[in-house]
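Examination of the molecular architecture
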Amino acid sequence: MNLIVTTAQKPSPDVIRLANDIAARLCVQFIPRNSHSLATIREKYEVCDLIVVASNGPIIHTAAGEYFFHLSMAELRIKNLINGKHDHMVIAMGLEAGMSVLDCTLGLATDAIVASFVAGETGIVTGLESSQVIALITGYGLQNFTVDSEADITSALRRVKVENAEYCQYLEELPDNSFDIVYFDPMFRNPIYKSSNVNPIRTLANMSPLTPEAIRQACRVAKQKVVVKEAVGSSEFARLGLFTVVGGKYSSIKYGVIDCRPKMAGGGQPWNA
Ligand SMILES: C[S@@+](CC[C@H](N)C(=O)[O-])C[C@H]1O[C@@H](n2cnc3c(N)ncnc32)[C@H](O)[C@@H]1O
């Protein structure tokens, strides 16, 4: 990994401990900051990417930008739900309290946090992320970030279980019908750079396209729905055999949905593309 870990200037002992721990987990070097600029560290150690640990957690600096855990649109989406507004992802999933969701593409966990809030204390949300660095930073944030005066949102963060895993392998090992919903939000084939909050993780993220085999496995694992997020008009929906596509009329993203409930009622396999 072309990456080293350092700290912000004047780190506390806790920050130094966390930085060492992160470096050990990623099997990369920890370099004490010693008042150097990040540019100097980059040049001296010939690395592109740096994780800088500060008192509020780790930040990864890449050529594409900086990523540190934040709620992104999750807080607004949750507040909209509380105020009785729709969330297109929640509708596409048919998500209700008590359900289990396997989010195969955790990323910044914005979707997983919304799903966790709706699934509630009796639900389960597991997020898979194949990039070790993204899984680490997102996982740290989910366990440590506190949303001021919003205990329900903070609890939703804590309930998301993060696995640093590749979804094809993970799905293959799961028993039939083990989650209500299996969800994918892969890196779009044609990125919407302008509005995308995933820009900072673009150089770290797994860019592989979703495969028909992954969809087949997801249909085996899901009791209720398989849901795939893609850009509006994307040819991915047809390529993957997702013929029901839902979402906001004016939205730049849509959700392809496969209903697995007929399978549960003995109606055969839901996916034949
Ligand atoms: C578009 S982002 C997901 C954003 C996420 N839905 C959110 O709300 O923040 C896609 C993420 O999925 C991850 N990913 C892509 N392919 C994967 C795979 N085969 N297994 C696990 N994670 C994968 C990427 O590394 C990236 O972090």
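Residues numbered from 1 in each chain as written. Predicted model: local features only at pLDDT ≥ 70, side-chain atom pairs only at ≥ 80, totals over all residues. Heavy atoms only, no water.

1. What to know about the overall build of the protein chain
For the protein chain, the helix and strand inventory stands at 11 helices and 11 strands. By the compact-globule yardstick of 19 Å for 273 residues, the protein chain fits well, its C-alpha radius of gyration being 20 Å. By residue count, 50% of the 273 residues in the protein chain fall in the buried class. When contacts within the protein chain are restricted to residue pairs at least 6 apart in sequence, long-range pairs at least 24 apart make up 70% of them. Element-wise, carbon and sulfur atoms account for 52% of the exposed surface of the protein chain, whose accessible area totals about 13,100 Å². Positive and negative side-chain charges of the protein chain, numbering 25 and 27 respectively, have mean locations separated by a distance of 4 Å. (Helix = DSSP H or I, 4+ residues; strand = E, 2+ residues; numbered from the N terminus. Rg over C-alpha atoms; globule rule 2.2 N^0.38 Å. Buried < 20%, exposed > 50% of the residue type's maximum accessible area, 1.4 Å probe, protein only. Contact = heavy atoms within 4.5 Å. Areas by Shrake-Rupley, 256 points an atom, 1.4 Å probe, with all protein chains shown as cover. Lys, Arg positive; Asp, Glu negative; His and termini not counted. Charge placed at Lys NZ, Arg CZ, Asp CG, Glu CD.)

2. Regarding the packing of aromatic side chains
Each aromatic ring pair is characterised by the separation of its centres together with the angle its planes make. Counted according to the given criterion, the structure contains two aromatic pairs. For the pair F69 and F145, a centre-to-centre distance of 5.4 Å together with 70° between the ring planes defines the contact as edge-to-face. With F69 in the loop between strand 4 (65-67) and helix 3 (74-82) and F145 in the loop between helix 6 (132-144) and helix 7 (151-159), the pair connects residues that are 76 residues apart, well separated along the chain. Given a relative accessible area of 29%, F145 falls into the partly exposed group. (Phe/Tyr/Trp six-rings, centres within 6.5 Å; stacked < 30°, edge-to-face > 60°.)

3. Quick notes on the pattern of salt bridges
Tallied over the entire structure, the rule returns 13 salt bridges. Two residues, D111 and R77, come together in a salt bridge whose shortest N-O distance is 2.7 Å. With D111 in helix 5 (residues 110-119) and R77 in helix 3, the pair connects residues that are 34 residues apart, well separated along the chain. R77 matches D111 in its accessibility class, with the two residues each being buried. Note that K229 is salt-bridged to D111, the shortest N-O span being 3.3 Å. A residue pair is termed long-range when its members are at least 10 positions apart, and K229 in strand 9 (residues 222-231) and D111 in helix 5 qualify at 118 residues. In terms of burial, K229 and D111 fall into one category: buried. (Salt bridge = Lys/Arg side-chain N within 4 Å of Asp/Glu carboxyl O.)

4. Digging into the sheet that holds strand 8 (residues 179-184)
In sheet architecture, strand pairing relies on hydrogen bonds along the backbone and comes in two forms, parallel and antiparallel. The strand order across the open sheet built from seven strands is 7-6-5-8-9-11-10, with neighbouring strands paired in mixed fashion. Unpaired on one side and paired on the other, strand 7 (160-163) and strand 10 (244-246) mark the two borders of the sheet. On average, adjacent strands in this sheet sit at an angle of 25° to one another, irrespective of strand direction. By the bridge criterion, three bridges tie strand 10 to strand 11 (residues 253-259) in an arrangement that is antiparallel. When the bridges of strand 11 are listed, T244 appears paired with V257. Its contacts with the sheet put helix 5 on strand 5 (100-103), strand 6 (124-128), strand 7, strand 8 and strand 9, and the angle it makes with strand 6 is roughly 165°. Strand contacts of helix 9 (residues 212-221): strand 8, strand 9 and strand 11, with the helix running at about 145° to strand 9, the strand carrying the most contacts. (Pairing = 2+ DSSP bridges. Axes fitted to C-alpha atoms, helices over the stretch in contact; angles between N-to-C directions.)

5. A short note on the domain arrangement of the protein chain
Often, the extent of an interface is quoted as the loss of accessible area upon association of its parts. On domain assignment, one finds that the protein chain holds domain 1 (3-63) and domain 2 (74-264). Measuring from the centre of the C-alpha atoms in domain 1 to the corresponding centre in domain 2 gives 30 Å. For the pair domain 1 and domain 2, the summed buried area comes to about 900 Å², and 76% of that belongs to carbon and sulfur atoms. The interface formed by domain 1 and domain 2 includes zero salt bridges. (Domains from an automatic or database assignment. Buried area = accessible area lost by both parts, 1.4 Å probe.)

6. So, the state of the cysteines
One pass over the structure, following the stated rule, counts zero disulfides. C48 forms no disulfide, and the closest cysteine sulfur to it belongs to C27, at a distance of 19 Å. This cysteine, C260, is not joined by any disulfide, and C219 carries the nearest cysteine sulfur, 4.5 Å off. (Disulfide = S-S within 2.5 Å.)

7. Description of the site of the ligand
Close contacts around the ligand come from 22 residues, with D111, E129, E166, D185 and N206 the closest. For the ligand, an oxygen atom lies 3.3 Å from a polar atom in the backbone of T110. Interatomic distance of 2.7 Å between a side-chain N/O atom of D185 and a nitrogen atom of the ligand. Considering the ligand on its own, with 610 Å² of exposed area, one finds that the protein chains cover 97% of that surface. Considered class by class, the residues forming the shell around the ligand number 13 nonpolar, five polar and four charged. (Near = heavy atom within 4 Å. Polar contact = N/O pair within 3.5 Å; in protein donor to acceptor, adjacent residues only side chain to side chain. Nonpolar A, V, L, I, M, F, W, Y, C, P; charged D, E, K, R; others polar.)

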